[in-house]
Amino acid sequence: MNELFEKLQALEDHYEELGELLSDPDVISDTKRFMNLSKEMADLRETVEKYNEYREVSQVVSDDEEMLNAGLDDDEMKEMVKQELADSKVMKAQLEEEIKILLLPKDPNDDKNIIMEIRGAAGGDEASLFAVDLFTMYTKYAETQGWTVEVLDKRVTEAGGFKEIVLLINGNKVWSKLKFESGAHRVQRIPVTESSGRVHTSTATVVVMPEEEDVEIEIDPKDLRVDVYRASGAGGQHINKTSSAVRLTHLPTGIVVAMQDQRSQQQNREKAMKIMKARVYDFYASKEQAEYAANRKSAVGTGDRSERIRTYNYPQNRVTDHRIGLSLNKLDRVMNGELADVIDALVVYAQTQAMEQLKND
């Protein structure tokens, strides 16, 4: 524990140093540096506050033990001190665990916004309709978190489902909450088109990628092929007399992004580039993750896009996350955006695995 407290003391010293720097006129006049230092200080704040709480509780434990060891003549006072000591020890142990979690290596993407792609997979129309339900679920969950959701692109089926929909979700620590949602989502229910009342099984896939800024990933213009063409509506009718639709091809990876939702070529190009950057980053990050997973099991599943991560069973009103063995009999509430219990359980599981990994290293 001494090593832990030395690290915490060093963090608190650095936190105070950051506070002094942020009051320096030279730093204040340098907007970029001021913002970077402010973010660094904000990232440390919770850990430092927990450390201060821990020191206060530890002092209470020490004082109470000293009082009991010295002997107390007043029985009522003695019982009060014993109770305070017991409560303080519980709080001290709890704070130790919370601090250990706060000191775990941070995912550099945790603060980022995300680009999410939802696609109907196996199951025809029912799969595309389930993709709509997942879109609604994530949109409602985003509302509870104070996030904003922007539809970047979508392809609608004749049945009114989504063959594919691409979202940009903006807000506080979006990636940290939704990064475990990538994978195959299976639904078991009676389709609206099923006259015999048989339960069908269908799947939709979800891909979650951190939104990448220009400074974080550079795509060489020489690696991009840009094609422009006329945007078309249903049935192939031309809805634009100019070539406003844009198709980008990243030659090294073969990734293609087409965009025609916006009125101007420039707007379509900007949205297509946003998606392209996320997909290129995700392509290389997935390769690294695959290499990592070959040597050591991932914290929560393999991250494989084909991996079945969750089942939504409508007849039994049950949702099951297969990676952590969690089953909840409140599917109706989950589909209404009440995802916190599932997401929090995944986060805690990942933290527990990370702590075990550190112990074994």
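Our subject is the structure that appears above.
Read on for a plain summary of the structure. (Residues numbered from 1 in each chain as written. Predicted model: local features only at pLDDT ≥ 70, side-chain atom pairs only at ≥ 80, totals over all residues. Heavy atoms only, no water.)

### Section: the overall build of the chain
So, point 1. The secondary structure content of the chain amounts to 9 helices and 11 strands.
So, point 2. Considering only contacts in the chain between residues 6 or more positions apart, those separated by 24 or more positions represent 61%.
So, point 3. A total accessible area of about 20300 Å² is found for the chain, and carbon and sulfur atoms account for 49% of it. (Helix = DSSP H or I, 4+ residues; strand = E, 2+ residues; numbered from the N terminus. Contact = heavy atoms within 4.5 Å. Areas by Shrake-Rupley, 256 points an atom, 1.4 Å probe, with all protein chains shown as cover.)

### Topic: the packing of helix 3 (residues 31-70) against helix 4 (residues 75-102)
So, point 1. Running from amino to carboxyl end, helix 3 crosses helix 4 at an angle of 150 degrees, the nearest separation of the two axes being 8 Å. Considering their axes alone, helix 3 and helix 4 lie roughly antiparallel with respect to each other. Seen from above, helix 3 lies across helix 4 with left-handed handedness.
So, point 2. Among the residues making up the contact of helix 3 with helix 4, the classes are represented as 13 nonpolar, 3 polar and 12 charged. (Axes fitted to C-alpha atoms, helices over the stretch in contact; angles between N-to-C directions. Parallel < 35°, antiparallel > 145°, perpendicular 65-115°, else oblique. Left-handed = near helix turned anticlockwise from the far one by under 90°. Nonpolar A, V, L, I, M, F, W, Y, C, P; charged D, E, K, R; others polar.)

### Re the pattern of salt bridges
So, point 1. Evaluated as defined, the whole model comprises 24 salt bridges.
So, point 2. Across the pair aspartate 43 and lysine 39 runs a salt bridge, and its minimum N-O distance is 3.0 Å. Of the two residues, aspartate 43 and lysine 39 are both situated in helix 3; the distance of 4 residues between them amounts to about one turn of the helix.
So, point 3. Linking arginine 247 and aspartate 227 is a salt bridge whose minimum nitrogen-to-oxygen distance equals 3.9 Å. With arginine 247 in strand 7 (residues 245-250) and aspartate 227 in strand 6 (residues 224-229), the pair connects residues that are 20 residues apart, well separated along the chain.
So, point 4. Residue aspartate 227 is classed as partly exposed on the basis of its relative accessible area, which comes to 22%.
So, point 5. Among the charged side chains, a network of salt bridges with common partners joins Glu117, Arg119, Arg155, Glu164 and Arg279. (Salt bridge = Lys/Arg side-chain N within 4 Å of Asp/Glu carboxyl O. Buried < 20%, exposed > 50% of the residue type's maximum accessible area, 1.4 Å probe, protein only.)

### Remarks on the pairing of strand 5 (residues 200-210)
On a regular strand, each side chain points to the face opposite its neighbour's, so the side chains alternate between the two faces of the sheet.
So, point 1. For strand 5, the buried fraction is high: 8 of the 11 residues fall into the buried class.
So, point 2. Note: strand 1 (residues 114-120) against strand 5, 7 bridges, orientation antiparallel. Residue pairing across strands places isoleucine 118 opposite valine 206, the latter belonging to strand 5. (Pairing = 2+ DSSP bridges.)

### A word on the sheet that holds strand 9 (residues 308-313)
So, point 1. Reading across the sheet, the 8 strands line up as 2-3-1-5-4-9-10-11 and stay open at both edges, with mixed pairing between neighbours. The two strands at the open ends of the sheet, each matched to only one other strand, are strand 2 (148-156) and strand 11 (326-328). Sheet twist, expressed as the mean angle between neighbouring strand axes with direction ignored, is 15 degrees.
So, point 2. Across the sheet, helix 5 (residues 124-144) lies against strand 1, strand 2, strand 3 (162-170), strand 4 (183-189), strand 5 and strand 9, angled at about 110 degrees from strand 4, the strand it touches most.

### Some thoughts on the nonpolar core
So, point 1. Judged by nonpolar contacts, the single largest core of 36 residues is most densely connected at Met116, Ile118, Leu134, Tyr138, Leu178 and Tyr312.
So, point 2. Looking at this core, the elements with two or more residues in it are strand 1, helix 5, strand 3, helix 6 (174-178), strand 5, helix 8 (331-335) and helix 9 (340-360).
So, point 3. For this core, the element with the most residues is helix 5, which contributes 9 residues.
So, point 4. If we skip the residues at most four places from it in the chain, tyrosine 312 touches Phe130, Leu134, Met137, His185, Arg186, Val187, Gln188, Arg318, Val319, Leu331 and Met335. (Core = buried A, V, L, I, M, F, W, Y, C linked by side-chain atoms within 4.5 Å.)

### Details of the sheet that holds strand 6
So, point 1. Taken together, 3 strands build an open sheet; the order of strands is 6-7-8 and the sheet is antiparallel. Among the strands making up the open sheet, the edge pair consists of strand 6 and strand 8 (255-259). Here the strands of the sheet are splayed against their neighbours by 15 degrees on average, with no regard to which way each runs.
So, point 2. Judged from the 5 bridges that link them, strand 7 and strand 8 form a sheet pairing that is antiparallel. Paired with arginine 247 across the strands is alanine 258, a residue of strand 8.

### So, helix 3
So, point 1. Under the 1.5 Å per step criterion, the end-to-end length of helix 3 is 57 Å for 40 residues, consistent within 8% with the ideal 58 Å.
So, point 2. Maximal helix bending in helix 3 amounts to about 35 degrees, located at arginine 45.
So, point 3. Following helix 3 by one or two positions, glycine 71 adopts a phi angle in the positive range, close to 90 degrees. (Expected span 1.5 Å × (residues − 1). Bend = angle between axes of the 7 residues up to and from the residue.)

### So, unusual backbone geometry
So, point 1. If you check the backbone angles, lysine 173 has positive phi at about 55 degrees while not being a glycine.
So, point 2. Residue placement: lysine 173 occurs in the loop between strand 3 and helix 6.

### Examining the environment of glutamate 338
So, point 1. Tracing the backbone through its elements, the reader meets glutamate 338 in the loop between helix 8 and helix 9.
So, point 2. Residues glutamate 338 and methionine 137, spaced 201 residues apart in sequence, show a C-alpha to C-alpha distance of 8.1 Å.

### Things to note about the pairing of strand 10 (residues 318-321)
So, point 1. Judged from the 4 bridges that link them, strand 9 and strand 10 form a sheet pairing that is antiparallel. Across the sheet, tyrosine 312 pairs through a bridge with valine 319, a residue of strand 10.
So, point 2. Adjacent in sequence and paired antiparallel, strand 9 and strand 10 are bridged by 4 residues, among which asparagine 317 carries a positive phi angle near 50 degrees.
So, point 3. Here strand 10 pairs with strand 11 via 3 bridges, running antiparallel. Paired with valine 319 across the two strands is leucine 328, which belongs to strand 11.

### Considerations on helix 5
So, point 1. The end-to-end C-alpha distance of helix 5 is 31 Å, a good match for the 30 Å that 21 residues give at a rise of 1.5 Å each.
So, point 2. The positive-phi residue at the C-terminal boundary of helix 5 is glycine 146, with phi of around 75 degrees.

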